[in-house]
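Each chain is listed here by its residues.
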Amino acid sequence: MTPALGKDLVGLEPLSADQIRLLLDTAEPFKEVSERTIKKVPALRGKTIVNLFFEASTRTRISFEFAEKRLSADTVNVAASGSSVSKGETLVDTAKNLEAMRIDMVVIRHGSSGAAQFLGQRIASNVINAGDGKHEHPTQALLDLLTLRDRFGRIEGLKVAICGDVLHSRVARSNIWGLTKLGAEVGVCGPPTLLPRNIRDLGVTILPRIEDAIQWADALNILRLQLERMQSGFIPSLREYNRVFGVTSERLARAPKDLLILHPGPMNRGVEIDSDVADGPHSVILPQVTNGVAVRMAVLYLLAGGMPGPGQAAGGEER
Amino acid sequence: MRPILIRGGRVIDPSRGGDGIADLLLEGDRVSAVGRNIGEPDGAVVIDAAGMVVAPGFIDLHTHLREPGQEDLETMASGAMAAAAGGFSAVCAMPNTDPVTDNQAAVGFIVGQAQRAGKARVHPIGAISVGQKGQQLAEFGELVGAGAVAVSDDGKPVMSSHLMRTALEYARTFGIPVADHCEDMTLAQGGAMHEGLVSTRLGLKGIPSAAEEIMVARDIILAELTGGHVHLCHMSTRGSVELIRRAKEKGIRVTAEACPHHFSLTHEACEGYNTNAKMNPPLREAEDRAAVREGLRDGTIDVIATDHAPHHYDAKEREFDDAPNGIIGLETALGLAVTELVDGGILTLPEMIDRMSTTPARIFNLPGGTFATGAAGDVVVFDPAVEWEVRPEDFFSKSRNTPFRGRRLRGRAEVTIVRGEVVFDRAKGAPNGARR
């Protein structure tokens, strides 16, 4: 446990700007670890970490697992299917059983908002939220922030438009907290059916049309449109969504400046983002993924009680 | 049966505008006299009520007692005891039990169990539709014949406007109200809390106020169409209060209730994913709470009802989305009403008693609610000034699901009398057979 961050990372809302900056600064030296021939430092040697994924995930789960392994932690992956959860075990019982095995940290992905906080309040181990329902996905926002900082050299004063299904997006909420705390201006753009009530009260600007977002922003963070939103009546069709809200190279060509393009993945090419944008020169979608590992190493390291500051975290090589 | 003489309390009887220091004499199961210096009959039980308020026992029009079907959460006996401890001499039991109270035998079972418990009266409410499935009308005549005092599909709304219309029309035959849980399911579906800033921040699906107001408006329109008496359960939004106010101005037969949690809390109580603040209708915003209070003050909302909804702690100890709706309320209602409404300058004590006893009796046509000579011997003696801390582990209810744990409240029932017999006396502790 470290006073620098607290016991758990459930979201960016409870963090201060200084704590978020500390996480980003701590991620910097970890970037280099992944570029080494031997991608390992001993920082978390002897720590046991459970990756508890109640929802399907490729990118986030593997990113966490690499982060843990590159810090020399011992890791176990639990997927909901094929575990006691599929036999009807409650989250609190799962938590208590994990606790009884004397683990140090739990990384949890869960379909219900609040699940990470719920777990964190009931076990002594550190809990890291890898996405809870529609609430927060703090490590995704941190890697977005790091990527923005890499490209612009700052967060303060940037205009970032979060585009798409904000209503159902934990990525959007974490980004709104992280960006506003660090002094960026945040816009949200999407069909009104996919913008939550009172979103303005979080200090964001509503950009009604994607053209408005493109005119306004320095960077677009384009959210994945879940295909089931069409069945539940939030939008008429994916085709129409692409026509009205899709980020296309034609639309980007009318921008007053080059926009940085972010996407948390997985992408629906031809729906919220066209392939030539995703693969184009201003896309940082793959650098985001690279930064994801560094950011997660920083989170794990700091929660485990690691000392902030360059040279400390990434010091030493695994022999 | 010994006479009961309650001496020297502040006797408040809203039915007759009475409010002053007096004695109250009960003989048999009835009120015998109210007045100064009543002579003590032979063998009378004398209760010293100096500093206390003596009022007609409270009547809760909206209680979930869980028996039959979920006796681990509450039984008729534990619920009726919790009611008595809260100052209620009568509660109305909602029919969403397992099986549903949709036939005369089920109503008879409740009447029998309540008699065996011998605590607060339990008036059964029958289902509107068979199995509460929202399709076929239940046999109102049989239900009323067995003792039902109203009909409701509470727990669920009556989504079919045709069913609601026929229920209101048919209920006129028996002179009973049709109580509706107002919620447009197509709008509320999957919602876990009020739709607003807190739901947006917590990432929980919201239930917009409109989901309630649409059904309130529909029910008012149908009450006007049919001339039936619609009773609107647990009103929670500013819009609902405004709709009811206008309906009453037009003379439409609508009555309404509000719950202590809706006049005490807002959606901010859900912060931290507090499942004990999860209920349906959900806790709303400060302006809604203010409107509910104003509605209670000006009589737009007729009564205070608890929507007492027991749940096992396991069921609430889980993800917010998956936790059941509802809180227990019988043992905190009086304290919240005194603290929030009387101390808060919204209601006078006589007005509070009116909303909790006299008016509930009148609109559901129940015994009690008055100290008229010969009226039911149902009395609450409560201390309006005592301060106490809510400790759910001390409740008589079998369940503990309340968001008010640790709250300091003023006002607590000391003695509750039903049918001329003391069923609860705080000074004497738990009566025989009651568990705490």
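Residues numbered from 1 in each chain as written. Chains lettered and ligands numbered in written order. Predicted model: local features only at pLDDT ≥ 70, side-chain atom pairs only at ≥ 80, totals over all residues.

### Focus on the overall build of chain B
The line we're drawing: Counting from the N terminus, the helices are DSSP H or I runs at least four residues long and the strands are E runs at least two residues long. Whether two residues are in contact depends on their C-beta atoms, placed from the backbone: they are in contact if these lie within 7 Å.
Within chain B one finds 13 helices and 18 strands. For chain B, the spread of C-alpha atoms along the principal axes amounts to about 65 × 50 × 40 Å. Of the contacts made within chain B by residues no fewer than 6 positions apart, 75% connect residues no fewer than 24 positions apart.

### Quick notes on the overall build of chain A
For clarity, the threshold we go by: Radius of gyration: over C-alpha atoms. The globule rule applied is 2.2 Å multiplied by the number of residues raised to the 0.38 power. Any residue with 12 or fewer other C-beta atoms within 10 Å of its own C-beta is exposed, any with 20 or more is buried, and the rest are partly exposed; the C-beta atoms used are placed from the backbone.
The helix and strand tally for chain A stands at 12 helices and nine strands. Relative to the compact-globule value of 20 Å for 319 residues, chain A shows a C-alpha radius of gyration of 19 Å, a close match. Its C-alpha atoms put chain A at 55 × 45 × 35 Å along the principal axes. Out of the 319 residues in chain A, the part that is buried amounts to 47%.

### Quick look at the domain arrangement of chain A
Residue and element names in this part refer to chain A. Applicable threshold: An automatic or database domain assignment supplies the start and end points of every domain. Only Asp, Glu, Lys and Arg are considered charged, only Ala, Val, Leu, Ile, Met, Phe, Trp, Tyr, Cys and Pro nonpolar, and every remaining residue, Gly among them, polar.
Under the domain assignment used here, chain A contains domain 1 (17-136 + 292-303) and domain 2 (138-288). Using only C-alpha atoms to locate each centre, domain 1 and domain 2 end up separated by 26 Å. On the side of domain 2, 17 residues touch domain 1, which itself brings 18 residues to the contact. Elements with a contribution of two residues or more to the side of domain 1 that touches domain 2: α1 (17-33), β4 (126-132) and α12 (285-303). No other element matches α1, which puts five residues into the side of domain 1 that touches domain 2. Of the residues that constitute the side of domain 1 that touches domain 2, the class distribution is eight nonpolar, five polar and five charged.

### So, the sheet that holds strand β7 (residues 205-207) of chain A
Strands in a sheet are paired, the pairing made by backbone hydrogen bonds, and the direction either parallel or antiparallel. All names here are of chain A. Heads up, the condition is: What makes two strands pair is DSSP finding at least two bridges between them. Comment: axis = line fitted to C-alpha atoms, over the contacting stretch for helices; angle = value between 0 and 180 degrees taken between N-to-C directions.
Taken together, five strands build an open sheet; the order of strands is β7-β6-β5-β8-β9 and the sheet is parallel. Each end of this open sheet is capped by a strand with a single partner; those strands are β7 and β9 (260-262). Averaged over all neighbouring strand pairs, the angle between strand axes comes to 25°, with direction disregarded. Looking at chain direction, strand β5 (residues 159-163) and strand β8 (residues 219-222) are connected through four bridges and run parallel. Among the inter-strand pairings, Val160 is bridged to a residue of β8, identified as Ala219.

### Description of helix α4 (residues 161-171) of chain B
All names here are of chain B. Cut-off, in case you're wondering: As used here, the arc is the angular range of directions from the helix axis to the C-beta atoms.
For α4, every residue scored as buried is listed here: Met164, Ala167, Leu168 and Ala171. Viewed end-on, α4 has its buried residues packed into an arc of 95°, placing them on one side of the element. Where α4 is buried, its residues contact α3 (140-146), β9 (150-152), β10 (178-180), α7 (209-226) and β13 (230-232).

### What to know about the pairing of strand β2 (residues 74-79) of chain A
All names here are of chain A. The condition is simple: Assignment of crossover handedness uses the view with strands pointing away from the viewer, where a clockwise path from the first strand over the helix to the second indicates a right-handed crossover.
One ladder, built from six bridges, connects strand β1 (residues 48-53) with β2; its direction is parallel. Within β2, the residue paired with Val50 across the bridge is Val76. For the crossover that starts at β1, traverses helix α2 (residues 59-70) and ends in the parallel β2, the hand is right-handed.

### Quick word on the packing of α1 of chain A against α12 of chain A
All names here are of chain A. Note the following rule: By convention, the crossing between two helices is left-handed when the near helix turns anticlockwise from the far helix through less than a right angle, and right-handed when the turn is clockwise.
Running from N to C, α1 and α12 cross one another at 115°; their axes reach a closest spacing of 8 Å. You can see that α1 and α12 cross each other, and the crossing is right-handed. Touching Leu23, Thr26, Ala27, Phe30 and Lys31 of α1 are Ala294, Val295, Met297, Ala298, Val299, Tyr301 and Leu302, all from α12. Split into classes, the residues belonging to the contact of α1 with α12 amount to 10 nonpolar, one polar and one charged.

### Let's talk about the nonpolar core
The nonpolar side chains of soluble globular proteins are, as a tendency, buried together. Our working rule: Take the buried Ala, Val, Leu, Ile, Met, Phe, Trp, Tyr and Cys residues, join any whose C-beta atoms are within 7 Å, and the set you get is a nonpolar core.
Counting 234 residues, the largest nonpolar core has Leu220 of chain A together with Val151 of chain B as the members making the most contacts within it. Top element by residues in this core is α12 of chain A. It accounts for 10 residues. Setting aside anything within four residues of it in sequence, one finds Val151 of chain B in contact with Ile125, Gly126, Ala127, Ile128, Ala138, Phe140, Leu143, Ala167, Ala171, Ile176 and Val178 of chain B.

### Some thoughts on the interface of chain B and chain A
If you look at the interface, chain B gives 16 residues, while chain A gives 19 residues. Partitioning the side of chain B that touches chain A into residue classes produces five nonpolar, five polar and six charged.

### A look at the domain arrangement of chain B
Residue and element names in this part refer to chain B. The domain architecture assigned to chain B consists of domain 1 (4-54 + 375-428) and domain 2 (58-363). When each unit is reduced to the centre of its C-alpha atoms, the spacing between domain 1 and domain 2 is 25 Å. Listed per partner, the contact involves 30 residues of domain 1 and 43 residues of domain 2. Put simply, the parts of the chain that give the side of domain 1 that touches domain 2 at least two residues each are β16 (379-389), β17 (408-418) and β18 (421-425). Sorting elements by how many residues they give to the side of domain 1 that touches domain 2 places β17 first, with seven residues. Looking at the side of domain 1 that touches domain 2 residue by residue, the classes come out as 17 nonpolar, seven polar and six charged.

### A closer look at unusual backbone geometry
In this structure, the amide linkage connecting Gly265 of chain A to the following residue, Pro266 of chain A, adopts the cis form with an omega of -10°. Structurally, the position occupied by Pro266 of chain A is in the loop between β9 and α11 (275-278). Cis peptide bonds are those with omega within 30 degrees of zero, and the linkage from Asp98 of chain B to Pro99 of chain B qualifies with 5°. Among the secondary structure elements, Pro99 of chain B is positioned in the loop between β7 (88-93) and α2 (104-117). The phi angle at Arg66 of chain B is positive, at roughly 70°, despite the residue not being glycine. By secondary structure assignment, the location of Arg66 of chain B is in the loop between β6 (58-63) and α1 (76-85). Judged by the 26 C-beta atoms lying within 10 Å of it, Arg66 of chain B falls in the buried class.

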